[in-house]
Every structure is written in C-alpha cells, then in structure tokens.
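For reference, the chains in residue letters:
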Amino acid sequence: MLSVSREYAQLLRFPLVFTLWSDFLAGYFIALAAVPQERPDSLHVIVMLVVATFLGTGGMTLMDCLTWESEKEHGRERPLPAGLLSAHAGFAFGLILMLVAIACATLVSALAGLMAVLSALLWVIYGSLTSGLPLVGSVNLALIRALNVIVGMAFALPQGPLVPASELWGPVAALFGYVMLITQIASETTRLNRERLLRVIGATVVVLVVFNALLYFPRISHCGLDVCLLMSVFIGAVIARLLQLARRVARELTPESVEKLVIGGFVGVIVLNANFIAFTGNAGETLGTLFLLLPTFLMLRFFHVLFPGTKSAMD
C-alpha cells in the first residue's frame, strides 16, 4: 500500500501544485478588484483550489501516460517507464482527477466548468501532440498556465463577464510569456545549447524586472510603497536565484543543471502572480499568495526522494 501511494504521489508532483494555485488566485483577486461591488466567497475559493489541484495533477499524470513510450525509450526516471505503474492505471487515475475537477467547477458556474474543460483539453493536447515540439510545446503549456488565470476570474465572477476589464489581459499575457520562456529552457535538456539558454534566461529576468517596475507607476498600480518594496525584494530574490542557477548551467551544462533552473523558474511563478495581485492594492491577498512559497519549499525539500531533481532547486 505504501509503495503504491508513493508511486501515485510521484506522478502528481504535488510540491509544484502550489504554483498552479497562485495562477488561479491571481485571476480571482484581480477580477474581484475590477468589480468593486463583488466580494470574495470563501467557499468558491476552496472549490477553486480543489479544481486547481485536480486539474494540475490530473494533467501532469495524463501527460506522463501519453508520453510513456518516449520516456521509456529515453530511459528517464518516471513511474510509468520504471514499470511501477501501468499506463492504463495512470491514465485512469489522471482522467478521474480531471473529471472531478470539471464537475466541481461546473457546480460553481457553467462558465467555470467550460473553462475547466478547455484546460483539460489543452493538457491532453500537450501530452499527446505537442510535448516533444520545443516551440509549439512551450506555447501549449504557457496557454494552460495563462488559462488558469482566466479560470480564476470565472470563479470570482460566476455570472461573467469572463475578463471584466481589458487591462486584465496584461497579467494573462505576462504569465503566458514567462511560462513559455521557462518551458523553452526545459526543452533544452535534450539539446544543451548554452548560448540559447542564456538568452532565454536573460529574457525571463527582463519580464520579472519590467512587471515589478510597473508597480511604482500610480496611474497603473494601486499598490502602496511598502508592498512595492516588499515585492521588489521577492522579485530580486527570484532573479538572484535564477542567475545563480544560470551560472551553474554555464559552468556545468548538463540536463540536471538545466532541470534545476526550470524548477526554480516555475517556483518563481508564485512571486510573479503575487506581483500581479499587488497591482490591486490588496496587501493581504498579495501576502497570502507569497505564503505559498513556504509549503512549496518545504515539500520540495521533504519529497526530494519522490521527485528526482527537485531537491536541487533548493541547493
């Protein structure tokens, strides 16, 4: 029983689920801020986080199942290629998680349910068609993460509109760009082109700097100076960590060093999403999103045996 539970936990990659939570929370809080008469609904938030968890873990599980042959051929350390779980068992498990997520979202509103269905379809497309295509795969995964923000908006405003203000497309587009860059880094694990990697890392840092700098413009941001400075500290810490990992990549260009950089980049999504929430001027929601870093770090450290390579994101 313990062995089977471990194998399913390895499929789920649960520590990275908190980065998905931050996507949904960003959409939820910035949509509420755009419609002042609306108030947070704690039940909707709980259901939303359940949907985020099941969509993300179900999607990653289905991806492993759909890429089973390729993973086995390349001898990568995944539960399915190692023979610990059958592809049928993993696929059924992932499908159940996604169906539960869609059902929970539909209970809140038809709009949220429809967005959850679209997210599930994007996960299936990624696993079955685009995961092996460097640019197209990066776009596909970035669309999934950007759609998470829109699903969060659907939970905030169950009766619509889906995106209540045109400026809210900014965070959606920014998250899309950031995740696409990080996924492009991940695609380099098989090619190991140092020059291309360093260019992508540089572009990632620019994205972080620009969106943090915009917090200081009163016409754009409602963020107080204290929260602006706090976010600058966290953004600076993410950039420092990425540059540290980039130096390691430049010094030791291996799939393992690139994987460390990718994990660090995805953890940085939490800080980027908190930065978007800070634009609303809501310090509590911003700090709450930043708090997701704590369980992420603890679980990455604690579950390093279950998740090969994730401990190195903390080294």
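Residues numbered from 1 in each chain as written. Predicted model: local features only at pLDDT ≥ 70, side-chain atom pairs only at ≥ 80, totals over all residues. Heavy atoms only, no water.

Colleague: Tell me about the overall build of the protein, and please be specific about residues and values.
Modeller: Of the regular secondary structure elements, the protein holds 13 helices and zero strands. Across the protein, helices and strands are ordered from the amino to the carboxyl terminus as α-α-α-α-α-α-α-α-α-α-α-α-α. Out of the 315 residues belonging to the protein, those deemed buried represent 53%. In the protein, 74% of the contacts between residues at least 6 apart in sequence involve partners at least 24 apart. (Helix = DSSP H or I, 4+ residues; strand = E, 2+ residues; numbered from the N terminus. Buried < 20%, exposed > 50% of the residue type's maximum accessible area, 1.4 Å probe, protein only. Contact = heavy atoms within 4.5 Å.)

Colleague: So, the nonpolar core: which residues are in play, and what are the values?
Modeller: In terms of nonpolar packing, the biggest core is built from 97 residues, with Tyr28, Met153, Phe155, Tyr178, Ile185, Leu208 and Met231 touching the most fellow members. For this core, the leading source of residues is helix H11 (residues 255–278), giving 14 residues. The contact partners of Ile185, leaving out residues within four places of it in the chain, are Leu197, Val200, Ile201, Thr204, Val258, Leu261 and Val262. (Core = buried A, V, L, I, M, F, W, Y, C linked by side-chain atoms within 4.5 Å.)

Colleague: Could you give an account of the packing of aromatic side chains, with specific residues and numbers?
Modeller: Aromatic rings considered in pairs are described by the distance between their centres and by the relative angle of their planes. Using the criterion set out here, one finds three aromatic pairs in the structure. Judged by centre distance (5.5 Å) and plane angle (90°), the rings of Tyr28 and Phe29 are edge-to-face. Assessed through its relative accessible area of 14%, Phe29 is described here as buried. For the ring pair Phe211 and Phe276, a centre distance of 5.8 Å and an interplane angle of 85° mean the geometry is edge-to-face. Within this pair, whereas Phe211 is found in helix H9 (residues 194–213), its partner Phe276 is found in helix H11, the two being separated by 65 residues in sequence. A relative accessible area of 3% places Phe276 in the buried class. (Phe/Tyr/Trp six-rings, centres within 6.5 Å; stacked < 30°, edge-to-face > 60°.)

Colleague: Would you mind going over the side chain of Arg145 in detail, with residue names and values included?
Modeller: Relative to the helices and strands, Arg145 is located in helix H7 (residues 134–156). Using a relative accessible area of 5% as the deciding quantity, one classes Arg145 as buried. Here the side chain of Arg145 touches Asp23 through a polar contact of 2.5 Å, side chain to side chain. When near neighbours in sequence (up to four residues on either side) are disregarded, Arg145 contacts Thr19, Leu20, Asp23, Leu175, Val179, Phe266 and Val269. (Polar contact = N/O pair within 3.5 Å; in protein donor to acceptor, adjacent residues only side chain to side chain.)

Colleague: Go over H11 with me, naming the residues and quoting the values.
Modeller: Relative to the 34 Å expected for 24 residues at 1.5 Å per residue, H11 spans 35 Å between its end C-alpha atoms, a close match to the ideal helical length. Burial analysis of H11 places 21 of its 24 residues in the buried class, the great majority of the element. (Expected span 1.5 Å × (residues − 1).)

Colleague: Would you mind going over helix H2 (residues 17–34) in detail, with residue names and values included?
Modeller: With 18 residues, H2 should reach 26 Å at 1.5 Å per residue; the first-to-last C-alpha distance of 26 Å fits that figure. Counting buried residues in H2 gives 16 out of 18 residues, a clear majority hidden from the surface.

Colleague: Explain the pattern of salt bridges to me, using residue names and the numbers behind them.
Modeller: Inspection of every chain in the model, using the stated rule, returns one salt bridge. Its salt-bridge partner being Arg145, residue Asp23 comes within 2.5 Å of it at the nearest N-O pair. Placement of Asp23 in helix H2 and of Arg145 in helix H7 is noted, with a sequence separation of 122 residues between them. Judged by relative accessible area, which is 0%, Asp23 ranks as buried. (Salt bridge = Lys/Arg side-chain N within 4 Å of Asp/Glu carboxyl O.)

Colleague: Can you break down the packing of helix H10 (residues 225–251) against helix H12 (residues 283–290) residue by residue, with the values?
Modeller: Where H10 meets H12, the closest approach of the two axes is 11 Å, and the angle between their N-to-C directions is 15°. One finds that H10 runs roughly parallel with respect to H12. By crossing handedness, the relation of H10 to H12 is classed as left-handed. Across the interface between the two elements, Val227, Leu230, Met231 and Phe234 of H10 pack against Ala283, Thr286, Leu287 and Leu290 of H12. A breakdown of the residues in the contact of H10 with H12 according to their chemical character gives seven nonpolar, one polar and no charged. (Axes fitted to C-alpha atoms, helices over the stretch in contact; angles between N-to-C directions. Parallel < 35°, antiparallel > 145°, perpendicular 65-115°, else oblique. Left-handed = near helix turned anticlockwise from the far one by under 90°. Nonpolar A, V, L, I, M, F, W, Y, C, P; charged D, E, K, R; others polar.)

Colleague: Report on unusual backbone geometry, specifying residues and quantitative values.
Modeller: Backbone torsion omega between Gly160 and Pro161 reads 0°, so that peptide bond is classified as cis. Relative to the helices and strands, Pro161 resides in the loop between H7 and helix H8 (169–187).

Colleague: Describe the state of the cysteines, with residues and values.
Modeller: For the structure on display, the rule yields zero disulfides. The thiol of Cys223 is not disulfide-bonded; the next cysteine sulfur, from Cys228, is found 3.5 Å away. (Disulfide = S-S within 2.5 Å.)

Colleague: Any chance you could break down the packing of H10 against H11 for me, citing the residues and the numbers?
Modeller: Close contact between H10 and H11 brings their axes to 10 Å; oriented N to C, the two are set at 170°. Taken together, the axis directions place H10 and H11 in an arrangement best described as roughly antiparallel. Crossing handedness for the pair H10 and H11: left-handed. Residues Val227, Met231, Phe234, Ile235, Val238, Leu242, Leu245, Ala246, Arg248 and Val249 of H10 pack against Ser257, Val258, Lys260, Leu261, Gly264, Gly265, Gly268, Val271, Ala274, Asn275 and Ala278 of H11. Class assignment for the residues of the contact of H10 with H11 results in 14 nonpolar, five polar and two charged.

Colleague: Talk me through the confidence of the model for the protein; I want residue IDs and the actual numbers.
Modeller: Fine structural detail should not be taken from predicted coordinates in areas where pLDDT scores are low. Within the protein, residue pLDDT values average 84, and 83% of them lie at 70 or more. Ranking the helices and strands of the protein by mean pLDDT puts H12 first, with 96, and helix H1 (residues 2–12) last, with 52. Per-residue pLDDT stays below 50 along residues 305–315; that stretch engages in 36 contacts with residues further than four places along the chain or on separate chains. (pLDDT = per-residue confidence, 0-100.)

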